[in-house]
Amino acid sequence: MLSAAGQERLKNATVLITRVGGMGGPAAMMLTMAGVGRLIIAHGGKMISADLNRQVLGCESALGKPRAAEFGDYLRTMNRFVEVEAIPHEPDDSEAAELARRSDVIISCPPTFEERLRLNRAAVQAGIPFIDAAQWGMTGTLIVVQPGQTACLECLYPDAPPFEEFFPVLGAISSATGSLAALEAIKILSGSGKPLWGQMLTYDGYQGNVTKIKLNRRETCACCAGV
Ligand SMILES: [Zn+2]
């Protein structure tokens, strides 16, 4: 568990999470409950009925309302000591860079590679740890990046794969993956445990298997080769 000094480090930290739906929502909850000092959440759009199978920060009464404000309000009810800044859209390149400069860790939970790669670039440029969480159906994956030390997301995906607009989402998998992303952030910020630096953890929920693979840096990576 966390030492008093580790808990204090967590309290003095700022974490950026985009987006805060099925994965980022549980990640935000776990960091709020753990006592992170400041959370910046970013998520555009309004709550729709189809979100309710996974978006734990939403509820029936939030339907039709802007997600970011609703999600921010909910998080504030969970821990009065946590400061929550809610941004009602997904950041573009310059905003992502600005947010990274005032964050200590980024947790990336968007469905599109374009956004994930943008957040990875912002983290690498700012020199802060980057945690990428993703899911598809019954599988969840985590990648933890230490800029300049480990492979980054762009080392793995130099080009964004095509976006699949409709993909299967199971709340039990997305919430488990988001919680594990929060755990990586808590370990990094508090100095407890061994973060999954430079590795991809995959949870195959269909088979119940967990695998970890070490990721190699790409010498020609356009994002991190010079870092
Ligand atoms: Zn790279």
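Look a little higher up for the structure.
Because the structure is predicted, anything quoted here is derived from the model rather than measured.

Caption draft 1: How the structure looks around the overall build of the chain. Summing up its helical and strand segments, the chain has seven helices and eight strands in all. Relative to a compact globule of 227 residues, whose C-alpha radius of gyration would be 17 Å, the chain shows 16 Å and is just as compact. Taken over the C-alpha atoms alone, the chain extends approximately 50 × 45 × 40 Å along its principal axes. Counting over 227 residues, the chain shows a buried share of 52%. In the chain, 66% of the contacts between residues at least 6 apart in sequence involve partners at least 24 apart. Accessible surface for the chain amounts to roughly 10,600 Å². Of this, 54% is attributable to carbon and sulfur atoms. Taken as two groups, the 21 positive and 23 negative side-chain charges of the chain have centres that lie 6 Å from each other.

Caption draft 2: A look at the coordination of the zinc ion. Of the protein atoms, only C152 (SG), C155 (SG), C221 (SG) and C224 (SG) coordinate the zinc ion, at distances of 2.2 to 2.4 Å. Because the angles between the four donor atoms bound to the zinc ion fall within 97 to 121 degrees, the donor set is best described as tetrahedral. Site description for the zinc ion: donor spacing in sequence, C-x2-C-x65-C-x2-C. In this pair, C155 is assigned in helix α6 (residues 153-156) and C224 in the segment after β8 (209-214), connecting sequence segments 69 residues apart. For the pair C155 and C224, a shared accessibility class is recorded, and that class is buried.

Caption draft 3: Quick peek at the packing of aromatic side chains. Applying the stated rule across the entire model yields one aromatic pair. Residue placement shows R116 over the ring face of F113; its charged tip is 4.3 Å from the ring centre.

Caption draft 4: Layout of empty space enclosed by the protein. Throughout the structure, instances matching the rule amount to two cavities of 30 Å³ or more. Reported here for the largest cavity is a volume of approximately 50 Å³. In this structure, the largest cavity is lined by G140, T141, L142, I173, A176, T177, L180, L201 and Y203. Of all the elements, helix α7 (residues 171-190) adds the most residues to the lining of the largest cavity, at four residues. Residues belonging to the lining of the largest cavity are distributed by class as follows: six nonpolar, three polar and no charged. The calculated volume of the second largest cavity comes to roughly 30 Å³.

Thresholds, definitions, all that
Residues numbered from 1 in each chain as written. Predicted model: local features only at pLDDT ≥ 70, side-chain atom pairs only at ≥ 80, totals over all residues. Heavy atoms only, no water. Helix = DSSP H or I, 4+ residues; strand = E, 2+ residues; numbered from the N terminus. Rg over C-alpha atoms; globule rule 2.2 N^0.38 Å. Buried < 20%, exposed > 50% of the residue type's maximum accessible area, 1.4 Å probe, protein only. Contact = heavy atoms within 4.5 Å. Areas by Shrake-Rupley, 256 points an atom, 1.4 Å probe, with all protein chains shown as cover. Lys, Arg positive; Asp, Glu negative; His and termini not counted. Charge placed at Lys NZ, Arg CZ, Asp CG, Glu CD. Donors = N, O, S within 2.8 Å, 3.2 Å for Na, K, Ca; no water. Tetrahedral: all angles 85-135°; square planar, octahedral: opposite > 155°, others 65-115°. Phe/Tyr/Trp six-rings, centres within 6.5 Å; stacked < 30°, edge-to-face > 60°. Lys NZ or Arg CZ within 6 Å of the ring centre and 35° of its normal. 1 Å grid on protein atoms, 1.4 Å probe; cavity = no way out; pocket = protein on both sides within 12 Å on 5 of 7 lines; lining within 4 Å. Points joined across faces, edges and corners; volume = space filled by probe spheres on them. Nonpolar A, V, L, I, M, F, W, Y, C, P; charged D, E, K, R; others polar.

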